[in-house]
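# Structural description and commentary
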Amino acid sequence: MADSTGLQFVSSYAFEAMQKVDVVRLAALSDPELRLLLPCLVRMALCAPADQSQSWAQDKKLILRLLSGVEAVNSIVALLSVDFHALEQDARKEQQLRHKAGGSNGESILVSQLQHGLTLEFEHSDPLRRLRLALSELLAIMNKVADSNGEFFLKSSELFESHVYLEEVADVLCILQAELPSLLPIVDVAEALLHVRNGDWFLCLLVANVPDSFNEVCRGLIKNGERQDEESVGGRRRTEALRQLCQMNPSQALNIRAMVVEECHLPGLGVALTLDYKPDTADEAVSPLVSYVSGLLLGTNSKVRTWFSMFIRNGQQRKRESSSVLWQMRRQLLLELVAILPRSRSTHVPNDGDMEEEGGSEYSGLREEHVVKASALLRLYCALMGIAGLRPTDEEGEQLLQLMTSRPPATPAGVRFVSLSFCKLLAFPTLVSTPEQEQLMVMWLSWMIKEEEYFESAAGVSASFGEMLLLVAMYFHSNQLSSIIELVCSTLGMKIAIKPSSLSKMKTIFTQEIFTEQVVTAHAVRVAVTNNLSANITGFLPIHCIYQLLRSRAFTKHKVSIKDWIYRQLCETTTPIHTQLIPLIDAYINSILTPASKANPEATNQPITEQEILNVFQNAGQGDSSRGGRQRYSITTQLLILYYILSYEENLLASTKQLALMQRKPKSYSAALMDQIPIKYLVTQAQGLQQELGGLHSALLRLLATNYPHLCLVEDWVYEEEVTGTLPLLRRMMLSSNTCRYTQSQLHQAFQKLPSSSPRLMRILEHLTLLSPGDLIPYAEALTASMALLLEPAVPRRILQTLNKLWMGLNTVMPRRLWVMTVNALQPSVKLLKPQTYTQNDLMVDPLIVLRCDQRVYRCPPLMDIVLHMLNGYLLASKAYLQCHLKETADFDRQSQTVSNLGVPGQPETAEVTREELKNALLAAQDSAAVQILLEVCLPTSKEQQLGAATESLLKSIRGPVPGKSKQGSLGQRARGGVEDAEPEGGLFSDLREVQCLICCLLHQMFIADPNIAKLVHFQGYPQALLPLTVAGIPSIHICLDFIPELLAQPQLEKQIFAIQLLSHLCTQYALPKSLSVARLAISVMGTLLTVLTRAKRFSFFMPTLPCLVAFCQAFPPLYDDVAALLVQVGQVCASDVATKARDIDPFIARLQYLKEKPQEAAVPGGDSSRLTLPQKTAEDLGGADPDVQLCYCIEATFMDIISSTLHRL
């Protein structure tokens, strides 16, 4: 406000004295300064105070003494003597009158018709009339402001413009507001004063006399202010008034600035206050202006960012004005920029000789204390140009380029400054416009390349600007301009709209002058790896550059080996894992297997050697043995190398077709190498580090499930939960550090002295159960090597069970090596022959080796459990091994067949199908052989039969009579008494029974996993004595109902007999509608076979199958009629054959018809259904009889069994 120039404003010293009522300070004020504060001081002296303390009484005396020498006090006292109540009533009446009149300046209750001008009237009036004149004028302005709808106007008022009466008018104004606060709210008065000349001066005096209202007045003015203050006269006047208020009270300037940002009004005021702000302690790093503007443009509040950006854009559209706040800000920023520049530099480019002079004045470095400030200025200018749309002047552009191409010291801040400068050049290439500037930039980039390694070592940072240079060069070569823009924005920390077309000049400079592709690849290999690389290291690292070069195939194109660099970087990793490591490994594997071009199939990278891999896994998975010293490689490195190997092998198999077409066969890693890697142990370790490993753990699990299914057994995962649960943890916590620790040799000696050392061995094994699986690894060899000694008869069962528990614990961390050791340890001992030592590969090729163990294992349930676990694992491993082998060889064989059989259509496909079928047949034979061997193990030996442990007796103890077992007179009674008498000796708790349960559990899992195994095994058949065991012990055997009709249709009589016997047991176990339909079919088939079988085959078929009819009738009584009809039919056929040989057979048919028609009367009237009325033959009598005669008596016995079971059920 130029109209208030020359007037004296209240100083900050005087305002602070008024705020604190510091009488000493007030007394030190000059008369002109004191004159401005008289209204408040006079009221303070005359009005009755609320503070009645003695100290205030003394201060009041001082104030009165101070006022006594001032002449103007009398006029103010006269003003305070007026009746303000009457004055307020008149003012309110006038307001009502003006409201009715529509705001026109007609009659006035406060002021009658003026005879002279307002100034003369004011001069000649008494105090009351002066108050009325000023109040009337003020109310008129306030009403007009209220009716203006926000449009600014400047009211010409004689009263507020006359310099002669300004002080008297100010006194009247202050007294009116103080005495009539409800009529004249101070915020409304302040708003009205903006619309008169000298309004800022009046406003400062008003607030100075009511110092407590400072924040209220400022907030009101800001709230009512414009969003863009420099766009209008009113906005500029408001900004100037608030600026004067803040100069009067500088301690509140930053709070007022915060109000400006909060309301998003008056952006120029915020900048002006920042320019006016003089901090008590100067911050050498960053100036207040840079901090404030950077906070607005780079903060998270998008509303504030848009508001201030609009201020910058609008300010540029007007002509350059020195009074404009925007140009004041730009000038201040430029001054700060020039102040930190090195000694005066020009864009003159010296020759090569000049470049070698390190101390040349042309290229003096940026001072260390200025680096942080320079970085802040660069980011601010980036924000101003990129977000707010600032167009730099020629002077600004020249100085900015000078700053960007300056050379900072080798400190972390210096590295950051260079990175920012480089990104600013990419974001705003228009700063380089002349050839001299372009050459200056090229020389600066060359200096960056030369000094990058020194900067990284001297600054002690991992992420240097060298990697960014390489990365940008690679992006330019691959034309990934969007990636460059993303890189620039992330480095600068702001989103800037950069047009890809604007980078064409920089692309030419990079790809043709500075970084050719060959230079990029050669330089990238020499870049040092990042030590202890983890996700905690941010910024652009060498790994980003190598990854991009691998993706663009630059290394293979220019025959640069990158294998060593990648290996070194993988060895220098730690948790949390860096997100770029897994993509790097994937890109590296792709570059090994896939050539860069078809024209040059040999252009691939070299894989990591087996020896290098072995070096990483030294001491891995060794438990306590690796704790003596620090492990050389971290668990992160080992997991990454494991991921590399597994992923490499999987991609190699997936790429065999393409590799065969290119006549390439990359080397696969040997099985011996894989055997030495503790895969399961590493994956178990990774499970506890999932949060720090990112997606590595899940990727490893996926690869394991595909290539190593035997390491992903469900029961293993379940057992791992038990091992790592709360209870084992508590038990380990109870194990004190000074507990006696047993060595492997002590464990071995305890095993050798069995059975006498059983108590000592038990103590050692119980102690080992308290250890974690990882700590058990050193004892694995001693535990497995002595397993055969536990097969001796006197070994306590508790030792066997504890060993089983320890073995299962070890199985969670080292399954493959443990399995091999266990198989070799359980081989049968043959005198004079050295036992064969099997390898992992041998066991995957032939899983049945597991079952070629000592026969005593088959009756030792804890060890049999271990054998079955290994068998299940190796069966799965064999499937994966054969599938892998098929993929490895099939495509190369097909390629050779294609070359040798040109013109023979379909030949390769036929061979491929045959190979697949052969593999499936081999696997099926393998699985069925394992099942058959296990079923054979379930059969009791002759010694066990003598002890009464036969399968039938075991089942009968829980299920009663065996289904389908007919009571064929004395045939049905033989050997039964002996078995029942022996039952207590064997019983359900025999070793055989436990082994049978373990085998049935495994078979159940195998049948669920592949139902075709169940079908194949039952088509092959197995001893009929095992049917009660398999049907009762394998829950999934009910699937046999699906293929029994097909089995009945087989031409072999043995298979038909086995199908009917199996069906009889299934009907008893699963009395389902499906079983009923299959039983009907079986009866029908038996009737059909009766008509086609010869006499000899009839006897061999019906003798074992007729007892099965009893089970059919027991399970499904509706089948009684069909069964009876079949028995009569069979009896008729047999009777007709023996009619001429045996006279006593003649009445046989009549008896059968009688039994069929009146079964109830066949029983003895005494009620004992087990005694039959028919005469019974002994086994000796039937032994030499004709087969048809035997069959006839078997039919009769079957009838009796059916009748007996029916009556027994009733």
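Residue numbers here run from 1 along each chain, matching the order of that chain's written sequence. The model is predicted, so local features are restricted to residues of pLDDT at least 70 and side-chain atom pairs to those at 80 or more, both for listing and for counting; the totals for chains, interfaces and linings are taken over all residues. Excluding hydrogens and water, the side-chain figures rest on all heavy atoms present in the structure.

The name recorded for the protein in an unreviewed UniProt entry is Integrator complex subunit 2, from Parambassis ranga. UniProt positions are given in the numbering used here, feature names are shortened, and annotations may be inferred rather than shown by experiment. Its UniProt record, at the heading Subcellular location (unreviewed entry), says of the protein: "Nucleus". Taken from UniProt, the Sequence similarities (unreviewed entry) comment for the protein reads in full: "Belongs to the Integrator subunit 2 family."

### Some thoughts on the packing of aromatic side chains
Aromatic ring pairs are reported here in terms of the distance separating the ring centres and the angle at which the planes meet. Only rings of Phe, Tyr and Trp enter the pairing, Trp through its six-membered ring, and a pair is recorded when the two centres are within 6.5 Å. The plane angle decides the type: under 30 degrees is stacked, over 60 is edge-to-face, the rest tilted. Overall, the coordinates contain 12 aromatic pairs when judged by the stated rule. When the ring of Phe 1101 is compared with that of Phe 1102, the centres are 4.9 Å apart and the planes differ by 85°; the resulting orientation is edge-to-face. Accessibility expressed as a relative area gives 0% for Phe 1102, which makes it buried. Here the aromatic residues Tyr 588, Tyr 644, Tyr 648 and Tyr 669 are joined through ring pairs into a cluster of three or more. The ring of Trp 327 has Arg 330 lying over it, and the distance from NZ or CZ to the ring centre is 4.4 Å. When accessible area is computed with a 1.4 Å probe and restricted to protein chains, residues below 20% of their type maximum are described as buried, those above 50% as exposed, and intermediate ones as partly exposed. For a Lys NZ or an Arg CZ to count as sitting over a ring, it must be within 6 Å of the ring centre and within 35 degrees of the ring normal.

### Regarding the layout of surface pockets
Detection works on a 1 Å grid of protein atoms alone, calling trapped sets that fit a 1.4 Å probe cavities and calling open sets with protein on both sides within 12 Å along at least five of seven lines pockets, with lining residues defined by an atom within 4 Å of a point. Grid points are joined across faces, edges and corners, and a volume is the space filled by probe spheres set on the points. In this structure, the second largest pocket encloses a volume near 680 Å³. Lining the second largest pocket we find 27 residues, and of these Glu 649, Asn 707, Tyr 708, Cys 884 and Glu 888 sit closest to its centre. Each helix is a run of H or I in the DSSP string that is no shorter than four residues. Each strand is a run of E no shorter than two, and both are numbered from the N terminus. No other element matches the 8 residues that helix α50 (residues 861-900) contributes to the lining of the second largest pocket. Throughout, the ten residues Ala, Val, Leu, Ile, Met, Phe, Trp, Tyr, Cys and Pro are labelled nonpolar, Asp, Glu, Lys and Arg are labelled charged, and all others, Gly among them, are labelled polar. Of the residues that constitute the lining of the second largest pocket, the class distribution is 12 nonpolar, 9 polar and 6 charged.

### Observations regarding the packing of helix α15 (residues 233-248) against helix α17 (residues 267-276)
Lines are fitted to the C-alpha atoms to define the axes, a helix being fitted only along its stretch in contact, and any angle between axes, read from their N-to-C directions, falls within 0 to 180 degrees. In the contact formed by α15 and α17, the axes pass within 10 Å of each other and the chain directions differ by 30°. With respect to each other, α15 and α17 are oriented roughly parallel. Where α15 crosses over α17, the two elements pack in a sense that is right-handed. Where α15 approaches α17, its residues Thr 239, Leu 242, Arg 243, Cys 246 and Gln 247 are matched on the opposing element by Gly 268, Leu 269, Ala 272, Leu 273 and Asp 276. What sets the label is the angle itself: under 35 degrees gives roughly parallel, over 145 gives roughly antiparallel, 65 to 115 gives roughly perpendicular, and the rest give oblique. The handedness criterion is simple: a crossing whose near helix is rotated anticlockwise from the far helix by less than a right angle is left-handed, and one whose near helix is rotated clockwise is right-handed. Contacts are assigned to residue pairs with any non-hydrogen atoms lying within 4.5 Å of each other.

### A look at the environment of Gln 328
By the element assignment, Gln 328 lies in helix α20 (residues 325-340). The partly exposed category is assigned to Gln 328, whose relative accessible area is 22%. Residues Gln 328 and Leu 275 lie 53 residues apart in sequence; the distance between their C-alpha atoms is 8.3 Å.

### Remarks on the nonpolar core
Formed by 379 residues in total, the largest nonpolar core has its most connected members in Leu 245 and Tyr 644. Of all the elements, helix α22 (residues 371-386) adds the most residues to this core, at 11 residues. Throughout this description, the term nonpolar core refers to a set of buried Ala, Val, Leu, Ile, Met, Phe, Trp, Tyr and Cys residues connected via side-chain atoms within 4.5 Å.

### Re a nonpolar patch on the surface
Patch definition: residues above 30% relative accessible area lacking any salt bridge, with like charges linked at up to 9 Å and the nonpolar side chains Val, Leu, Ile, Met, Phe, Trp and Tyr linked at up to 5 Å. Note that accessible areas follow from Shrake-Rupley with a 1.4 Å probe, and for residues the cover is restricted to the protein chains shown. Salt bridge, as applied in this entry: a Lys or Arg side-chain nitrogen positioned within 4 Å of an Asp or Glu carboxyl oxygen. Together, Phe 152, Leu 154 and Val 233 line one region of the surface with nonpolar side chains, adding up to about 240 Å² of accessible area. Mapped onto the elements of the fold, Val 233 is located in helix α15.

### With respect to the packing of helix α19 (residues 302-317) against α20
One can describe the packing of α19 onto α20 by two numbers: an axis separation of 9 Å at closest approach and a directional angle of 100°. One way to sum up the angle between α19 and α20 is to call them roughly perpendicular. Contacts between α19 and α20 involve Phe 308, Phe 311, Ile 312, Gly 315 and Gln 316 on the former and, on the latter, Leu 326, Trp 327, Met 329 and Arg 330.

### Comments concerning helix α47 (residues 797-811)
Along an α-helix, residues three or four positions apart point the same way, because every turn accommodates 3.6 residues. For α47, built from 15 residues, the straight-helix expectation of 21 Å at 1.5 Å per residue is met to within 8% by its first-to-last C-alpha distance of 21 Å. In terms of burial, α47 is a largely internal element, 11 of the 15 residues being buried. Regarding α47, the residues found buried are Ile 799, Leu 800, Thr 802, Leu 803, Asn 804, Leu 806, Trp 807, Met 808, Gly 809, Leu 810 and Asn 811. Multiplying 1.5 Å by the helix residue count minus one yields the expected span of that helix.

### Thoughts on the side chain of Gln 437
The residue Gln 437 is located in helix α25 (residues 435-459) in this model. Judged by relative accessible area, Gln 437 falls into the buried class, the value being 7%. Here the side chain of Gln 437 touches Ser 433 through a polar contact of 2.9 Å, landing on its backbone nitrogen. Throughout this description, a polar contact denotes any pair of N or O atoms lying within 3.5 Å of each other; where both atoms belong to protein, one of them has to be capable of donating a hydrogen while the other can accept it, and for residues adjacent in sequence the pair is counted only when both atoms sit in side chains.

### Here we look at empty space enclosed by the protein
According to the stated counting rule, one finds 3 cavities of 30 Å³ or more in the structure shown. Space inside the largest cavity adds up to approximately 50 Å³. Lining the largest cavity we find Val 823, Leu 826, Gln 827, Tyr 838, Ile 849, Val 850, Arg 852, Cys 853, Val 867 and Met 870.

### So, the side chain of His 710
On the secondary structure map, His 710 appears in the loop between α40 (696-707) and α41 (714-723). Exposure remark for His 710: the relative accessible area of 1% places this residue in the buried category. Those residues within four positions of His 710 in sequence are excluded, and the remaining contacts are Asp 716, Arg 816, Trp 819, Gly 873, Leu 876 and Ala 877.

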